[in-house]
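# Architecture at a glance
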Amino acid sequence: MWSGRFSGKPDKLMQEFSQSVSYDQRLWREDIQGSLAYAAELQRIGILTEQELGDIRSGFETITKEIEAGKFEWKIELEDVHMNIESRLTELIGDAGKKLHTGRSRNDQVATDFRMWCHSRANELQRAAEALMDTLVERASENLDVIVPAYTHLQRAMPVLLAHQLLAYEEMVTKAGQSAFHHACNSANMWNPLGSGACAGNSFPINQWAFYDKHGLPLEQPIPNSMFAVSEREFALDLVFACAKCMTSLSRISEDLILWSSSEFGFVTLGDAVTTGSSIMPQKRNPDACELIRGKTGRVVGHLMALFTTLKGLPMTYNRDLQEDKEAVFDATDQTLACLRVMALVFSKENFHVNRERIRQQLDSGAGYMEAMNVADWLVNQGVPFRDGHDITGRLVKYVESKGMRFADLTAEDLKTVDERLKPELLNELSLEALVERKQVYAGTARAQVEARLKELKDWLKE
Ligand code: ARG
């Protein structure tokens, strides 16, 4: 493509080193879409005739069929997806193919293709996040009557509805995933670099607004500076950042499930479809799906760091370093998409089994003394200042602990021994259910609150 100025060929090693077609061929649809819009504009300003535009269109139809059928021959000596497709087009239709690149550079071409690719990828990720949100909402509505300990510092803290915890996951997937992908989607299709040429603009009187208004590209407005247009990758950062955020949340959810499915907790059992056995220990059921999600998170966050690092030292404008943006984005989005789908499978009705009896036994053991909050709350309602109530309750916990008993075993005698203000009627207030039900404020774990949120989510997800 640039043979005029050169007398030698690139070294074979250099060819392999610099090619990107082995992976950027994924951009082929967007490359053709961008070229079709560009050709239409070239025809409008008289660079291409009607006839030539027609040839270009039918050439791209043939190429599309060839690629879809796996018959297109990708050549590494043609370096990237753009030159492979243009070269094939010229082979098929001759001179009209050679005119297509008039005023365009691969610099604005690749930025355009990649923006469109990121736009549809972000959309796909958003849909996958929504499917996981649906699943979590379903599981939550089935678990409105199960109480689990909520932990702070990994110590039992407060009893909550299992539904409340599942909806906490739903919020994570919404905030860190769905809405982050929505943002990345808009960030990609808001701006169009096409027409910026190599870096200074286009010498021919194209109208960049026409790409969106007339020629059907999804990118809405021309970027107002051609130098910026070919050198920036803000949209790629936004997309990989969204992936890193989403993965970080999926990783935390995975960590909970890994703990919860251990013999120590035993709160849930994950189905055969998402667990694996051990080659040596026949008794094992390993939560590999969750571990892999947790493991892949480091990889995806790494891609974000890689992309930032690629960009940080670049002089204006386009530099070949930018070719390194693609693998980061491809792999980050591939992994995140797979993880969203696997996580939805983990939470499916078939694979997410709640061990209600085991959870109840664990709560009945009295470990962690979560009932203590009932005492502190009750004292406040009797007019005792909270700090004094905290102290009295602390002494009661110490008493219970020293006797090796549970809150459920306390008698009126015990209460009186610890403090005069602990009246016998308190014994009726000690259940975990009572504690859950007192969390009636907005966003609290009382059943009515959780049900109200569930309803909101169901209505929103149906839209
Ligand atoms: N394959 C290149 C990339 O991904 C396309 C742009 C090449 N531009 C150039 N001036 N060499 O960035």
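Residues numbered from 1 in each chain as written. Predicted model: local features only at pLDDT ≥ 70, side-chain atom pairs only at ≥ 80, totals over all residues. Heavy atoms only, no water.

This part takes up unusual backbone geometry. For the peptide bond that leads from Met316 to Thr317, omega is 0°, which places it in the cis range. For Leu154, which is not a glycine, the phi torsion comes out positive at approximately 60°. Here Leu154 lies in the loop between strand 1 (147-152) and strand 2 (155-161). (Helix = DSSP H or I, 4+ residues; strand = E, 2+ residues; numbered from the N terminus.)

Ser20, Asp80, Arg106, Asn107, Val110, Tyr318, Gln323 and Lys326 make up every residue found near the ligand. A distance of 2.9 Å is found between a nitrogen atom of the ligand and a side-chain nitrogen or oxygen belonging to Asp80. Between a nitrogen atom of the ligand and a side-chain N or O atom of Asn107, the distance comes to 3.0 Å. Burial of the ligand by the protein amounts to 86% of the accessible area it has alone, namely 340 Å². (Near = heavy atom within 4 Å. Polar contact = N/O pair within 3.5 Å; in protein donor to acceptor, adjacent residues only side chain to side chain. Areas by Shrake-Rupley, 256 points an atom, 1.4 Å probe, with all protein chains shown as cover.)

Time to look at the layout of surface pockets. Here the second largest pocket defines a volume of roughly 340 Å³. Taken together, the elements giving at least two residues each to the lining of the second largest pocket come down to strand 1, helix 8 (162-189) and helix 11 (234-260). Residue composition of the lining of the second largest pocket, grouped by class: ten nonpolar, four polar and two charged. (1 Å grid on protein atoms, 1.4 Å probe; cavity = no way out; pocket = protein on both sides within 12 Å on 5 of 7 lines; lining within 4 Å. Points joined across faces, edges and corners; volume = space filled by probe spheres on them. Nonpolar A, V, L, I, M, F, W, Y, C, P; charged D, E, K, R; others polar.)

Quick look at the pattern of salt bridges now. Counted by the stated rule, this structure contains 38 salt bridges. Of the charged contacts in the structure, one is a salt bridge between Glu138 and Arg139, with a shortest N-O distance of 3.4 Å. For Arg139, a relative accessible area of 2% corresponds to the buried category. The salt bridge partner of Lys455 is Asp459, with a shortest N-O separation of 2.9 Å. In this pair, Lys455 and Asp459 are both assigned in helix 19 (residues 447-462), four residues apart and thus about one turn of the helix distant. Judged by its relative accessible area of 53%, Lys455 is exposed. The exposure class of Asp459 is partly exposed, given its relative accessible area of 35%. Each member of the salt-bridge network shares a partner with another, and the members are Arg26, Arg121, Glu124, Asp334 and Arg341. (Salt bridge = Lys/Arg side-chain N within 4 Å of Asp/Glu carboxyl O. Buried < 20%, exposed > 50% of the residue type's maximum accessible area, 1.4 Å probe, protein only.)

Next up on the list: the nonpolar core. Looking at soluble globular proteins, one finds that nonpolar side chains tend to be buried together. Formed by 105 residues in total, the largest nonpolar core has its most connected members in Leu250 and Phe347. Tallying contributions element by element places helix 11 first for this core, with 15 residues. Setting aside anything within four residues of it in sequence, one finds Phe347 in contact with Leu132, Thr135, Leu136, Arg139, Leu166, Tyr169, Ile253, Leu257 and Phe352. Grouped together as the second largest cluster of nonpolar side chains are 18 residues, Met405, Leu410, Leu415 and Leu426 included. (Core = buried A, V, L, I, M, F, W, Y, C linked by side-chain atoms within 4.5 Å. Contact = heavy atoms within 4.5 Å.)

Contact geometry of helix 4 (residues 50-68) with helix 5 (residues 81-93) gives a least axis separation of 9 Å together with a crossing angle of 120°. With respect to helix 5, the element helix 4 is oriented oblique. Taken as a pair, helix 4 and helix 5 cross one another with a handedness that is right-handed. Residues Asp55, Ile56, Gly59, Phe60, Thr62, Ile63, Glu66 and Ile67 of helix 4 pack against Ile85, Arg88, Leu89, Leu92 and Ile93 of helix 5. The residue inventory of the contact of helix 4 with helix 5, partitioned by class, reads eight nonpolar, two polar and three charged. (Axes fitted to C-alpha atoms, helices over the stretch in contact; angles between N-to-C directions. Parallel < 35°, antiparallel > 145°, perpendicular 65-115°, else oblique. Left-handed = near helix turned anticlockwise from the far one by under 90°.)

In this section: the pairing of strand 2. Examined bridge by bridge, strand 1 and strand 2 share six bridges and lie antiparallel to one another. What sits directly across from Ile147, in strand 2, is Leu161. If you look at the hairpin formed by strand 1 and strand 2, you'll find two residues sitting between the two strands, and His153 has a positive phi there, around 55°. (Pairing = 2+ DSSP bridges.)

Helix length check: helix 3 (residues 28-44) (17 residues) gives 24 Å between terminal C-alpha atoms against 24 Å at 1.5 Å per residue, within 8%. For helix 3, a buried count of twelve out of 17 residues is recorded, marking the element as mostly surrounded by other parts of the structure. Of the surrounding secondary structure, the elements contacted by the buried residues of helix 3 are helix 2 (21-24), helix 4, helix 5, helix 6 (95-99), helix 7 (106-142) and helix 9 (209-213). (Expected span 1.5 Å × (residues − 1).)

These figures capture arrangement, not role.
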